[in-house]
Amino acid sequence: MSKYKCYRSAYMPPEVWCAKSAAELQRLPLDKRRLRGDVISASYGPGDDALLGLEDCTNNNVSSKKRSGKDRVEWGRSSRKACGMAISLYDRNPVTGKVSGDPIADCFAQVSRTESSLIVIADGVNWGERSRLAASCAVTAAVDYLTNKLFLDNDVPSSTQEVLDLMRKAFDLAHELILQHGAGLTTLGIAAILPIEHSTQYAVCSVNVGDSLAYVFSKRYGMNELSIGSHDITVERDIKDAGGAIGPVNGEEPYLTNLTFCLTTCEPGDIVFLTTDGVSDNYDPVVTKLAVPACAEPLLQSVDTKPAMLPCERHLFAMKGMERVIHEYELETHLDISSKELCLALTQHIVSLTSQKRLVIENPVYYNRRYKAKERRKIEDTIRNTIRTLPGKLDHATVVAYEAGVYTDESSPNEAAQILAASMSATSFCSSPKSHFSHRPAT
């Protein structure tokens, strides 16, 4: 009899649980021994100064302790298995060379070990240095605190509920650091991919606030959103409203309306990734001008040849769009998709999608001579009316990803995938729909 426990059927996609607290979610047991491993990849961005000095991070100042060997995180080591990318989709002034919206107000970080990973993303609300600083504070505090608590402490967590509770504490520390530095507002998304005890599968624990979303891309089941509970896919969403943020929203209080705890499982080879809305919104069929909202005026729908889509249809279309882009990239490059290829595929597509908007705004004709105020207003109106008809949304766009598995270095094969294949024949899968996933909390 196999020692491995299966948490879902081989024929059904993973279930996603979402709640407003960790206590409301399933409790999956973690393999504490496999949590500890050498760091195979650790990176952050954008820019060398994306993270604050870790010695300034949390109140308990755990990071200032001297570390050696595998406890030391050497930054700047991204790989195919774990990496992140942050870009700006905004236009560049052809005269001054300055990019609108600089500096990039997004921030990401990932610390990946032999068989586990922590990935974090933040999207500073609005433009400017305070927004960028807020995102940097949030990611720095979360990474520093959770790296210690999940991997380095003598007593690492033994269940997913404990991990989610630690993530909630990380949000408080991130908020405190933002206030200490006088920064602005930011969204924050955290995900940890951790080995389940006596299983070939991995638990994916996530907490997010705002519109920085989490996904799992499975080569068996396709794309699935992990952060689905943080927003209502049955109602129209205002893409200008993040839905929540940490930082001084109301005095010194954060805005935690859509703070959501999420849990699912994934298999070796599945890729868990986080995105800012600069990525996810650019796969929405209404934003890409492939459809119109179903709630639009009937008269407009009658003259527009584009299909009218309900919010839930737009949600599914966007996920399938991501899936299609990833598979097309795989076909074009003849590369097996891992984290690096997924990040490249998603970002290259939205750069191409939004290129027409940038070309209109960057037209040198508008910058060649001084216009009178009336002429300038006319030009600006023309630009606005033109770009309104073009696909895509100009924004900062960031994605950070990790492929679940067992690795010794970047070039090593995904050993967990081989273990999974060997154990599949020995693992007994239930065919009863009621028992395709173990819902009983572990004792």
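Let me sum up the structure you'll find in this document. (Residues numbered from 1 in each chain as written. Predicted model: local features only at pLDDT ≥ 70, side-chain atom pairs only at ≥ 80, totals over all residues. Heavy atoms only, no water.)

### Considering the side chain of S199
Among the secondary structure elements, S199 is positioned in the loop between β6 (188–195) and β7 (202–209). Using a relative accessible area of 1% as the deciding quantity, one classes S199 as buried. (Helix = DSSP H or I, 4+ residues; strand = E, 2+ residues; numbered from the N terminus. Buried < 20%, exposed > 50% of the residue type's maximum accessible area, 1.4 Å probe, protein only.)

### Concerning the packing of helix α6 (residues 311–333) against helix α7 (residues 339–353)
At a minimum axis distance of 9 Å, the contact between α6 and α7 shows a crossing angle of 115 degrees. Of the possible angle classes, the one that applies to α6 and α7 is roughly perpendicular. At the point where α6 passes α7, the crossing takes the right-handed sense. In this structure, α6 contributes M322, R324, V325, I326 and Y329 to the contact, and α7 contributes E341, L342, L344, A345, L346, Q348 and H349. (Axes fitted to C-alpha atoms, helices over the stretch in contact; angles between N-to-C directions. Parallel < 35°, antiparallel > 145°, perpendicular 65-115°, else oblique. Left-handed = near helix turned anticlockwise from the far one by under 90°. Contact = heavy atoms within 4.5 Å.)

### Digging into the side chain of D211
In this fold, D211 is placed in the loop between β7 and β8 (213–218). One buried charge, D211, has no salt-bridge partner; the nearest side chain with opposite charge is R237, at 4.1 Å. Excluding its chain neighbours within four sequence positions, the residues that come into contact with D211 are T187, R237, D241, A242, T276, D277 and S280. (Lys, Arg positive; Asp, Glu negative; His and termini not counted. Salt bridge = Lys/Arg side-chain N within 4 Å of Asp/Glu carboxyl O.)

### Considerations on helix α9 (residues 373–388)
Between the first and last C-alpha of α9 there are 22 Å, a value that for 16 residues agrees with the 22 Å anticipated at 1.5 Å per step. The complete set of buried residues in α9 reads I379, I383 and I387. One side of α9 carries all its buried residues, which in axial view fall inside an arc of 60 degrees. Residues of α9 that are exposed and point over 90 degrees away from its buried face: A373, K374, R377, K378 and R388. On its buried face, α9 is in contact with α8 (355–361). (Expected span 1.5 Å × (residues − 1). Arc of directions from axis to C-beta.)

### Some details on the layout of surface pockets
The volume enclosed by the largest pocket comes to roughly 1200 Å³. Of the residues that constitute the lining of the largest pocket, the class distribution is 19 nonpolar, seven polar and 16 charged. For the second largest pocket, the lining is made up of 27 residues, of which H231, I233, R237, D281 and D284 are closest to its centre. The greatest single-element share of the lining of the second largest pocket, amounting to five residues, is contributed by α6. (1 Å grid on protein atoms, 1.4 Å probe; cavity = no way out; pocket = protein on both sides within 12 Å on 5 of 7 lines; lining within 4 Å. Points joined across faces, edges and corners; volume = space filled by probe spheres on them. Nonpolar A, V, L, I, M, F, W, Y, C, P; charged D, E, K, R; others polar.)

### Quick word on α6
In this model, α6 (23 residues) spans 33 Å end to end at C-alpha, consistent with the 33 Å of a helix rising 1.5 Å per residue. Restricting attention to buried positions, one finds in α6 the residues P311, R314, H315, A318, M319, G321, M322, E323, V325, I326 and Y329. Backbone geometry just after α6 places H334 at a positive phi near 60 degrees.

### Description of unusual backbone geometry
Cis geometry marks the peptide bond from G45 to P46; its omega dihedral reads 0 degrees. For P46, the position within the fold is in the loop between β2 (39–45) and β3 (82–88). The omega torsion of the bond from D102 to P103 falls at 0 degrees, within 30 degrees of zero and hence cis. Within the fold, P103 resides in the loop between β3 and β4 (106–113). Unusually for a residue other than glycine, H334 sits at a positive phi of about 60 degrees. Here H334 is to be found in the loop between α6 and α7.

### Digging into the sheet that holds β6
Overall, antiparallel pairing links the seven strands, which are arranged β1-β12-β7-β6-β5-β4-β2 in an open sheet. Only two strands of the sheet have a single partner each, and these edge strands are β1 (17–19) and β2. Each neighbouring strand pair of the sheet contributes to a mean axis angle of 10 degrees, computed without reference to strand direction. Note that strand β5 (residues 116–123) and β6 share five bridges and pair antiparallel. Of the residues in β6, the one forming a bridge with I121 is G189. Most of the contacts of helix α2 (residues 129–152) go to β5, to which it runs at about 165 degrees, and overall it touches β4, β5 and β6. In this fold helix α3 (residues 160–180) packs onto β6, β7 and β12 (260–266), with an angle of close to 30 degrees to the strand it touches most, β7. (Pairing = 2+ DSSP bridges.)

### Let's talk about the pairing of β12
Summarising burial for β12: seven of the seven residues are buried, a large majority. Along β12, one buried face is formed by T260, C262, T264 and C266 and the opposite face, lined by F261, L263 and T265, is buried too. Judged from the three bridges that link them, β1 and β12 form a sheet pairing that is antiparallel. Along β12, the bridge assignment pairs C18 with C262. Where β7 and β12 come together, seven bridges link them in antiparallel fashion. By the bridge assignment for β12, S206 is matched with C262.

### Things to note about the pattern of salt bridges
Side-chain pairing between opposite charges can occur once the charged atoms of the two side chains come close. Within this structure, the stated rule accounts for 19 salt bridges. Put simply, R132 and D49 hold a salt bridge, and the shortest N to O gap is 2.8 Å. With R132 in helix α2 and D49 in the loop between β2 and β3, this residue pair connects regions lying 83 residues apart in the sequence. Residue D49 is classed as partly exposed on the basis of its relative accessible area, which comes to 48%. In this structure, the salt-bridge partner of D281 is R237, at a minimum N-O distance of 2.5 Å. One end of the pair, D281, is in the loop between α4 (277–280) and β14 (292–293); the other, R237, is in the loop between β9 (222–225) and β10 (245–250), and 44 residues separate them in sequence. R237 gets classed as partly exposed once you look at its relative accessible area, which sits at 35%.

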